[in-house]
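Letter by letter, the chains look like this.
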Amino acid sequence: MTAARTRPDWTPNERLGILNGWLVFLGDGFFSVSVVVAGFAARLGAPNFVIGLLPAIAGGGWMLPQLLVASRVRSLPYKLPTYRSAALVRMLTYLAMVLIAATLADRPALCLTLFILAMVLNALASGVAGLPFLEVVSKTVAPERRARYFGTRNLWGGLLAFGAGLAVRAILGSDLAFPLNYALIFLLATVAFTLGYGVFGRVTEPPDQPLAPGNLRDEIRAIPQTLADGHFRAFLTVRLLLAAASMAEPFYAVYALRDLNYPAATLGVFVMALTGAAPFSNLVWQRVAERKGSRRILRYATVCAGLAPLVALTVGTLGLGSLAYLGVFILSSVALQGFNLGHTNHLLNIAPPDARSRYIGTLNTLVGAALFAPVAGGLLADAAGYRAVFVLSALLFAAAWWQCGRLRRDA
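These figures come from a predicted structure and were not determined experimentally.

Looking at this model, I keep getting lost on the overall build of the protein. Mind explaining?
The helix and strand inventory of the protein stands at 19 helices and 0 strands. Relative to the compact-globule value of 22 Å for 411 residues, the protein shows a C-alpha radius of gyration of 20 Å, a close match. For the C-alpha atoms alone, the extent of the protein along its principal axes is close to 55 × 50 × 45 Å. Residues classed as buried in the protein amount to 58% of the 411 residues present.

Below is the structure:
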């Protein structure tokens, strides 16, 4: 194996993008919505449908505005100014969440309401930044280098996020009282995110060819044309099923706290399991991407994701303890890394260059609505318990795996 293969000669833009990924992964380790934020909400006594709303806001709020964003940025030769403006809003909303958590926890209803409103604004700003981010990556990273680029971001970023999990465990297990322990964790996330956004804002973006200005009405009218692409429809079907199957994710940690009676410091161990599995799984996913393509990644990742709720059911039924329950988060993490790499590569590969923004915006907006499935999962948990949610989630993952067989093989 040559040195060029083991240590790629990254361009300055690629280095900035990779460093951005490392810092954002670190922030995600502190601000894990399905573990840390869900644990914070559970500590405030939030009902299940509110806990289910948290990842729905983070995921769905990120995707829903992207059709509108596509219409706005399509004609812009440079997309980074839009990214930078959204990054400022994201930073301010993270700071707001820190202050809300630190000062209003003695009034749980008000604290949750304002915290969720800040999350909504943050998610919408993230959605505004998401499409310009992908556009800039597609212009600064050659298609044959993207798998290694994202794999490198994910590998070392996962190691940093593992360190964040260690810090979360230490903070939640320390003498620092609630809510200052969670406020400190959110503050550390804010610092990492702010640095990451600033780094990517320094990328030197080549201009796009001038395109006619678009508007939201035109983008909506173009949806049938986009859906006429059979490869796009197959990918959309898979993404919708995976989004619906994600209904169980915010309840893995809450089930452990409320039904299995694990201590709060265990949340840090869960974050460590999520993040510790990521670097090793990325080594595998990167190799699969380079040799087999994104279709194979998505099939394998769906299997891992479908096993997670089954493990949660097994551990809860047999009373196997917290060590066995870590398998839930390891499987979820392995699946998530595969999805992160597979989804991005597949979408960028099937989207025509002159319609890239439209494909990204249409897919993310349609999938964004389905990402509110955890809210329905919360209502189901209130009515029938967490185990019913886990069973339905596993069935939906099985359906998504079957649909992956219809994806384009060369993407």
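Can you help me understand unusual backbone geometry in this one?
One can expect most non-glycine residues to show negative phi and most peptide bonds to be in trans. In the segment running from Phe178 into Pro179, the intervening peptide bond is cis, with an omega of 10 degrees. Residue position: Pro179 is located in the loop between α8 (143-172) and α9 (180-200).

Could you clarify how one ought to interpret the packing of aromatic side chains in this entry?
Two aromatic rings are characterised by how far apart their centres lie and by the angle between their planes. Under the counting rule described, the total for this entry stands at 25 aromatic pairs. Judged by centre distance (5.9 Å) and plane angle (40 degrees), the rings of Phe40 and Phe178 are tilted. Residue Phe40 is found in helix α3 (residues 33-43), and its partner Phe178 is found in the loop between α8 and α9; the two are separated by 138 residues along the sequence. For the pair Phe193 and Tyr197, a centre-to-centre distance of 6.0 Å together with 10 degrees between the ring planes defines the contact as stacked.

Just to check I follow, could you spell out helix α14 (residues 266-291) for this structure?
It helps to recall that an α-helix has 3.6 residues per turn; residues three or four apart then point in one direction. Relative to the 38 Å expected for 26 residues at 1.5 Å per residue, α14 spans 38 Å between its end C-alpha atoms, a close match to the ideal helical length. Pro279 marks where α14 bends most, by close to 35 degrees. The first or second residue beyond α14 is Gly293, which carries a positive phi of 95 degrees.

Mind showing me how you'd approach the packing of helix α6 (residues 80-103) against α9 here?
Helix packing geometry: the angle between the two helix axes and the distance between the axes. Where α6 contacts α9, the axes come no closer than 9 Å and their chain directions differ by 170 degrees. Of the possible angle classes, the one that applies to α6 and α9 is roughly antiparallel. Together, Leu80, Tyr83, Ala87, Arg90, Met91, Tyr94, Leu95, Met97, Val98, Ala101 and Ala102 of α6 and Leu180, Ala183, Phe186, Leu187, Thr190, Phe193, Thr194, Tyr197 and Phe200 of α9 make up the contact between the two elements. Here the residues of the contact of α6 with α9 sort into 17 nonpolar, 2 polar and 1 charged.

What should I look at first to understand the nonpolar core in this one?
A general feature of soluble globular proteins is that nonpolar side chains tend to end up buried together. Residues Phe31, Phe186, Phe270, Tyr325 and Phe329 are the most contacted members of the largest nonpolar core, which totals 133 residues. Among the elements that make up this core, the one with the highest residue count is helix α7 (residues 108-140) (13 residues). Those residues in contact with Phe31 that lie beyond four places of it in its chain are Val37, Tyr94, Met97, Phe115, Phe186, Ala189 and Phe193.

Help me understand helix α4 (residues 48-63) in this model?
For α4, built from 16 residues, the straight-helix expectation of 22 Å at 1.5 Å per residue is met to within 8% by its first-to-last C-alpha distance of 23 Å. Every buried residue belonging to α4 is among Asn48, Val50, Ile51, Gly52, Leu54, Pro55, Ala56, Ile57, Gly60, Gly61 and Met63, and all of these are buried.

Can you walk me through the pattern of salt bridges in this structure?
Proximity of charged atoms lets side chains of opposite charge pair with each other. Under the definition given, this model contains 2 salt bridges. Residue Glu14 pairs with Arg145 through a salt bridge whose shortest N-O separation is 2.8 Å. On the criterion of sequence distance, the pair formed by Glu14 in helix α2 (residues 12-30) and Arg145 in helix α8 is long-range, its members being 131 residues apart. Accessibility expressed as a relative area gives 1% for Glu14, which makes it buried. By relative accessible area, which is 26% here, Arg145 ends up partly exposed. A salt bridge links Lys139 to Glu205, with the nearest nitrogen and oxygen atoms 2.6 Å apart. In this pair, Lys139 is assigned in helix α7 and Glu205 in the loop between α9 and α10 (216-221), connecting sequence segments 66 residues apart. You'll find Lys139 and Glu205 in the same group, each marked buried.

Help me understand a nonpolar patch on the surface in this model?
A surface patch of nonpolar side chains, about 800 Å² in accessible area, is lined by Leu88, Leu92, Leu95, Leu176, Leu180, Leu184, Leu187, Leu188, Val191 and Leu195. Of all elements in the fold, only α6 and α9 reach the threshold of two or more residues within the nonpolar patch. Per element, the largest residue contribution to the nonpolar patch is 6 residues, and it comes from α9. Topologically, Val191 is positioned in helix α9.

Honestly, the state of the cysteines in this entry has me stumped. Any pointers?
Working definition of a disulfide: a covalent bond connecting the sulfur atoms of two cysteines. Taken as a whole, this structure holds 0 disulfides when the rule is applied. Not part of a disulfide, Cys404 finds its nearest cysteine sulfur in Cys304, a span of 12 Å. On the basis of relative accessible area, Cys404 is assigned to the buried category, the value being 0%.

For this particular structure, what's the right way to read the environment of Asn349?
Here Asn349 shows up in helix α16 (residues 322-350). Taking the C-alpha atoms as reference points, Asn349 and Arg408, 59 residues apart in sequence, are found 9.9 Å from one another.

Calculation criteria
- Residues numbered from 1 in each chain as written.
- Predicted model: local features only at pLDDT ≥ 70, side-chain atom pairs only at ≥ 80, totals over all residues.
- Heavy atoms only, no water.
- Helix = DSSP H or I, 4+ residues; strand = E, 2+ residues; numbered from the N terminus.
- Rg over C-alpha atoms; globule rule 2.2 N^0.38 Å.
- Buried < 20%, exposed > 50% of the residue type's maximum accessible area, 1.4 Å probe, protein only.
- Phe/Tyr/Trp six-rings, centres within 6.5 Å; stacked < 30°, edge-to-face > 60°.
- Expected span 1.5 Å × (residues − 1).
- Bend = angle between axes of the 7 residues up to and from the residue.
- Axes fitted to C-alpha atoms, helices over the stretch in contact; angles between N-to-C directions.
- Parallel < 35°, antiparallel > 145°, perpendicular 65-115°, else oblique.
- Contact = heavy atoms within 4.5 Å.
- Nonpolar A, V, L, I, M, F, W, Y, C, P; charged D, E, K, R; others polar.
- Core = buried A, V, L, I, M, F, W, Y, C linked by side-chain atoms within 4.5 Å.
- Salt bridge = Lys/Arg side-chain N within 4 Å of Asp/Glu carboxyl O.
- Patch = residues over 30% accessible without salt bridge, like charges linked within 9 Å, V, L, I, M, F, W, Y side chains within 5 Å.
- Areas by Shrake-Rupley, 256 points an atom, 1.4 Å probe, with all protein chains shown as cover.
- Disulfide = S-S within 2.5 Å.

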